[in-house]
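These are the residues of each chain, in order.
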Amino acid sequence: MATFEAPPRREVTRLEITTDGDVAFATSLDCLTAVPRGSTESFSLWFRMTLGLRRADGRCLGHPGTGFGARVRSRRWFRRRERMRFRSDRRRSRGRRARGGRAR
């Protein structure tokens, strides 16, 4: 929390709860808003949240999950992937032009 000017705010929207016996699932679309320390502008991060719950021995056990998947990828990974996609798009368009087709 030391990297933010104030504690981040979390807004929960579109909350849906499904139950069946000793099992329940809660899903929502959440927005996390914060101002990084030293910045004047805030940023917002939207993400899907899923919480799986089950009752065991009279207690409620939960397991949260987000739409990010098991691996968190770095900014570098995303930039490299975009460059590769751009290169393959350029190659495809060159091939179409060579065969007399339109480039995208």
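Residues numbered from 1 in each chain as written. Predicted model: local features only at pLDDT ≥ 70, side-chain atom pairs only at ≥ 80, totals over all residues. Heavy atoms only, no water.

A. Structural detail: the pairing of strand S2 (residues 23-34). With 10 bridges connecting them, strand S1 (residues 9-20) and S2 associate as antiparallel partners. By the bridge assignment for S2, Thr18 is matched with Phe25. Hairpin geometry of S1 and S2 is characterised by an intervening segment of two residues between the two adjacent antiparallel strands and by a positive phi of about 65 degrees at Gly21. (Pairing = 2+ DSSP bridges. Helix = DSSP H or I, 4+ residues; strand = E, 2+ residues; numbered from the N terminus.)

B. Here's a closer look at the pattern of salt bridges. Tallied over the entire structure, the rule returns three salt bridges. Salt-bridge contacts for Asp30 lead to Arg10; the nearest nitrogen and oxygen are separated by 2.6 Å. You can see Asp30 sitting in strand S2 and its partner Arg10 sitting in strand S1, a full 20 residues away along the chain. The buried category is assigned to Asp30, whose relative accessible area is 0%. With its nearest N and O atoms 3.5 Å apart, the salt bridge here joins Asp22 to Arg55. On the criterion of sequence distance, the pair formed by Asp22 in the loop between S1 and S2 and Arg55 in strand S3 (residues 43-56) is long-range, its members being 33 residues apart. Taking relative accessible area as the criterion, Asp22 reaches 47% and is therefore assigned partly exposed. (Salt bridge = Lys/Arg side-chain N within 4 Å of Asp/Glu carboxyl O. Buried < 20%, exposed > 50% of the residue type's maximum accessible area, 1.4 Å probe, protein only.)

C. Geometry of the confidence of the model for the protein chain. With 63% of its residues at a pLDDT of 70 or more, the protein chain has an overall mean of 78. Here helix H1 (residues 75-98) stands out as the least confident element of the protein chain, with mean pLDDT 62; S1 is the most confident, with 93. (pLDDT = per-residue confidence, 0-100.)

D. Region of the structure containing unusual backbone geometry. Positive phi, close to 50 degrees, is recorded for Arg14, a residue that is not glycine. Its place among the elements puts Arg14 in strand S1. A positive phi is found at Asp57, a non-glycine position, where the angle reads about 55 degrees. Its location among the elements puts Asp57 in the loop between S3 and strand S4 (59-66).

E. Layout of the environment of Leu53. Assignment of secondary structure puts Leu53 in strand S3. A relative accessible area of 24% means that Leu53 is categorised as partly exposed. C-alpha of Leu53 to C-alpha of Ala26: the two residues are 27 residues apart in sequence and 8.2 Å apart in space. Ignoring anything within four residues of it in the chain, the contact list for Leu53 reads Asp22, Val23, Ala24, Cys60, Leu61 and Gly62. (Contact = heavy atoms within 4.5 Å.)

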